[in-house]
Each structure stands twice: as C-alpha cells, then as structure tokens.
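# Overview (structure and organization)
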Amino acid sequence: MASLTAGIEAATPAGRDRGVDALRALAILGVVLGHWLVTAWAPGPAGAVYLASPLSHLPALTPLSWVFQTLAVFFFVGGYAAARGLRSAALRPEGAPAGTWARARMGRLLGPVVPLALAWTGIATGMALRGAPVGLIRSMVLPAVGPLWFLAVFAALTAATPLLLRPHPAVTAIAAFAVVLGVDLARFWLGGPAWLGWANLAAGWLVPYALGIAWANGLLGSRRAAVGLLAGGTAGVALLVAGFGYPASMVGVTGAAVSNLSPPTLAAVCFGLAQVGAALLARAPLARLMRRPRLWATVALANLSAMTLFLWHQSAPAVIAVAALRLGDVPGLLAVPDEPVWLLHRLAWFPVFVAVLALAWLPGVIRRRLDETARLLRRRYL
C-alpha cells in the first residue's frame, strides 16, 4: 500500500486541482451509499418480489436523502472538468478539435456500459429460462440499469460542451432554470400533462453542469457567490417543500405521487444550487486535506473508476438479492423496510455489497494495468 501511495503521489502533476477530484469522489460516494440505503426489495404473494422504499415506511429517514443525493455535485464537477479538458486539448501542439475531444470523452464514458448491458441481459435471460415471473425480473433489472438514465444525460451534456462554451454559461444556467420553473408551473398548477416533466431531465441537470463550465471560466470564484448559491438554493427548497407541497425527499419514493428526481423538479434544482454553493466552499479545505498522500491515493483511485462505480453500484445489491431469492424473507435484503431495525440489517450487508462491487471494479484496474504495460513495452522495444 505504501508503494502504491507513493507512486500515485509521484505521478500526480503539481498543478492538479485535488479539491475538484475530492468533490467528484464525494459525489460518487453519496450516490452509491444513498442508493444502497433506499433501494430495497420485499417478498410478495406467490413468490413475487417488489421494490419497496424505506422512505415510504420510515419517513424519519428522509434527511438521509439530503446527505446522499449528490448528483448535482457530480454534474457540476463534470461541467468544470469538461470545459477545462476541452480548453487544454485545444491548446496542445496538435490542437485537437472539439469533435475529436468529444469522441474521446464519449469512449471513456460509454465504454463501461457494454459489460453492464451484457451482464444484465444474461441475468435476465437466465431468470426467464428458470421460469421467473416478468414482474420479478423487472424489479431486479430496472434498479440495476437505472444509472443509464443519468449517464445518457451526462453524455449528452458532455457532447454539447463545445456549444455550451460559446454563450455565457451563467446565462445558460439561468435559462435552464427558467425552463424547469415553467415546466413545473405547467405540470402542477396549469393542468399540463405529466409527461411534460421529462423536459426537466435535460434542463434540470444542465443547471449545475453549466455552472461548472462557468466555474472553469473563472466565475463563481468568490466566497460571496458560493454563499449566495448555498443560501438561495436552501431557501428555495424550504419554500417549495413547506409552502407549495413539494416532497421533502430528494430521491424518488416508491408509491409517491410526485418524485423530486424522476423527473427533476424545481425543488431538486434548488437543492442542486445549494449543493453547488457548498461544493465551492468545501473545495479549498478538501484540497488541503488531499495533501495527505493516503487520502489522495484513495481519492485518485476512486476517480479513475468513477464511471464504473456509478454504473455498477445498483447492480451489486440487485445481484445479491437475486442470489438470495431462494431464501425467502432475508432481513435487510428481501424484507419490507418498515421498522428502524431494517437499517441495521441493511448495514450488516454492506461488506457483501462492497465485495460484489469490487468484482465489477477489478477488471477495469487490470485493463488499465495492461494498457500501461503495453505502452511501456512500445516505448522500450518499438
């Protein structure tokens, strides 16, 4: 471990913004832990299994959604990194055009999708051949492939980064916020159709992404801007929840009439603005913490596998649940999450969850090691 830590420290460029990498790692950690805690399965009649959210049975757990729903930070840092990366590519001697940069980014983003799709196609097929009901297969597969929705939006915004750089990114963020506001007004107050809300899937996440681009362009650097986003976003959420009936949970709750996340609502976007403000305030202290080699090594490794962890984190509990189907009612895994002790049972399964997730992470590590070895051999012998 000491040699790995020393190697990562030595390989890190002096100008690397470690605070940004720490924010990305925290965002991934929040998503992974949050979904682990709020995604549950419960046995039904005649061997059926259905999705059950502990937040619908234990509303006292709702504050956990405020801590672990960190997608806005993920999109914010993504916009920042994309804008910086595109600018760096253009400044290189070979002057990589925007299209070349976008294709390379798409390859890195979408590469892990193929193994995920193949794995769950195989699992679903195996369950079907064994006679599993369609509802059971759906309840297992849908959460596992759920991250693909967010990846699709993130990939689209990444591909659009060259275009998003041209207008003022802060204006783009304001325009996207206005779209979300208009869509929510139409849906909730003017009798508009529910499907209209899916326009917010792009507009809602464009807000923090465009703010990330603005940050990369030198805006939002002042403490006043960070505090303003934090205070304004928090006030907006409080007003919408307390005064206009928006759900308090910042994640979807099974059986709820309205979800703040699917599709994003104005409350989710305001919550994201507060998170962006908090991220801006936290960046400098995090950068100082990242001067500790062991902490930095952990964060660096997490960033190298960020997309793999994001895509596979829902598959790990689903795979465990599929393996446990024959056992019937399993506390913390296949049980109705209607008592506080469920949370303790769930946490007891965490080491198994980490072990299964590591199996998805390990091939990527091996592939990168092989790529590094191949590059070394080419330099020496070719």
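Above this note sits the structure.
The shown structure was predicted, so the numbers you read here are calculated from the model rather than taken from an experiment.

The rules behind these values
- Residues numbered from 1 in each chain as written.
- Predicted model: local features only at pLDDT ≥ 70, side-chain atom pairs only at ≥ 80, totals over all residues.
- Heavy atoms only, no water.
- Salt bridge = Lys/Arg side-chain N within 4 Å of Asp/Glu carboxyl O.
- Helix = DSSP H or I, 4+ residues; strand = E, 2+ residues; numbered from the N terminus.
- Buried < 20%, exposed > 50% of the residue type's maximum accessible area, 1.4 Å probe, protein only.
- Phe/Tyr/Trp six-rings, centres within 6.5 Å; stacked < 30°, edge-to-face > 60°.
- Lys NZ or Arg CZ within 6 Å of the ring centre and 35° of its normal.
- Polar contact = N/O pair within 3.5 Å; in protein donor to acceptor, adjacent residues only side chain to side chain.
- Contact = heavy atoms within 4.5 Å.
- Axes fitted to C-alpha atoms, helices over the stretch in contact; angles between N-to-C directions.
- Parallel < 35°, antiparallel > 145°, perpendicular 65-115°, else oblique.
- Left-handed = near helix turned anticlockwise from the far one by under 90°.
- Nonpolar A, V, L, I, M, F, W, Y, C, P; charged D, E, K, R; others polar.

### A few points about the pattern of salt bridges
For the structure shown, the criterion picks out five salt bridges. Residues D21 and R16 are paired through a salt bridge, measuring 2.7 Å at the closest nitrogen-oxygen approach. Across the pair D21 and R24 runs a salt bridge whose closest N-O atoms are separated by 2.9 Å. Remark: R24 and D21 occur in helix 2 (residues 18-38); sequence separation between them is three residues, near one turn of the helix. Judged by relative accessible area, which is 18%, R24 ranks as buried. One network of salt bridges, in which partners are shared, links R16, D21 and R24.

### Quick word on the packing of aromatic side chains
Summed over the entire model, instances satisfying the criterion amount to 15 aromatic pairs. Their ring planes at 20 degrees and their centres at 4.6 Å tell us that W36 and F353 sit as a pair that is stacked. Highlighted residues: W36 in helix 2 and F353 in helix 19 (residues 350-381), separated in sequence by 317 residues. Here W36 falls in the buried class, since its relative accessible area comes to 1%. Here F350 and F353 contribute two aromatic rings whose centre-to-centre distance is 5.6 Å and whose plane-to-plane angle is 45 degrees, an arrangement assigned as tilted. Of the two residues, F350 and F353 are both situated in helix 19; the distance of three residues between them amounts to about one turn of the helix. Relative accessible area serves as the criterion here: at 1%, F353 is assigned to the buried category. A network of ring pairs unites the aromatic residues F74, F75, F150, F154, W205, Y209 and F310 as a single cluster. It is R346 that lies over the ring of W36; its NZ or CZ is 4.0 Å from the centre.

### Quick look at the side chain of N200
Position of N200 among the secondary structure elements: in helix 12 (residues 200-216). A polar contact is formed between the side chain of N200 and the side chain of D184, at a distance of 3.2 Å. Here P264 takes part through its backbone oxygen, which lies 3.0 Å from a polar atom of the side chain of N200. Those residues in contact with N200 that sit more than four places away from it in its chain are V179, V180, V183, D184, R187, W205, P264 and T265.

### Observations regarding unusual backbone geometry
In this structure, the amide linkage connecting S262 to the following residue, P263, adopts the cis form with an omega of 0 degrees. Summarising the element assignment, P263 is placed in the loop between helix 13 (223-244) and helix 14 (266-289). In the Ramachandran plot, L220 falls in the positive-phi region, its phi being about 60 degrees despite a non-glycine side chain. Relative to the assigned elements, L220 resides in the loop between helix 12 and helix 13.

### Focus on the packing of helix 6 (residues 98-110) against helix 9 (residues 147-159)
Taken N-terminus to C-terminus, the directions of helix 6 and helix 9 make an angle of 165 degrees; their axes are 9 Å apart at the nearest point. The orientation of helix 6 relative to helix 9 falls into the category roughly antiparallel. Along this stretch, helix 6 crosses helix 9, giving a crossing that reads as right-handed. On the side of helix 6, the interface is formed by W101, R105, M106, L109 and L110, while helix 9 contributes L151, F154, A155, T158 and A159. Residues that form the contact of helix 6 with helix 9 fall into these classes: eight nonpolar, one polar and one charged.

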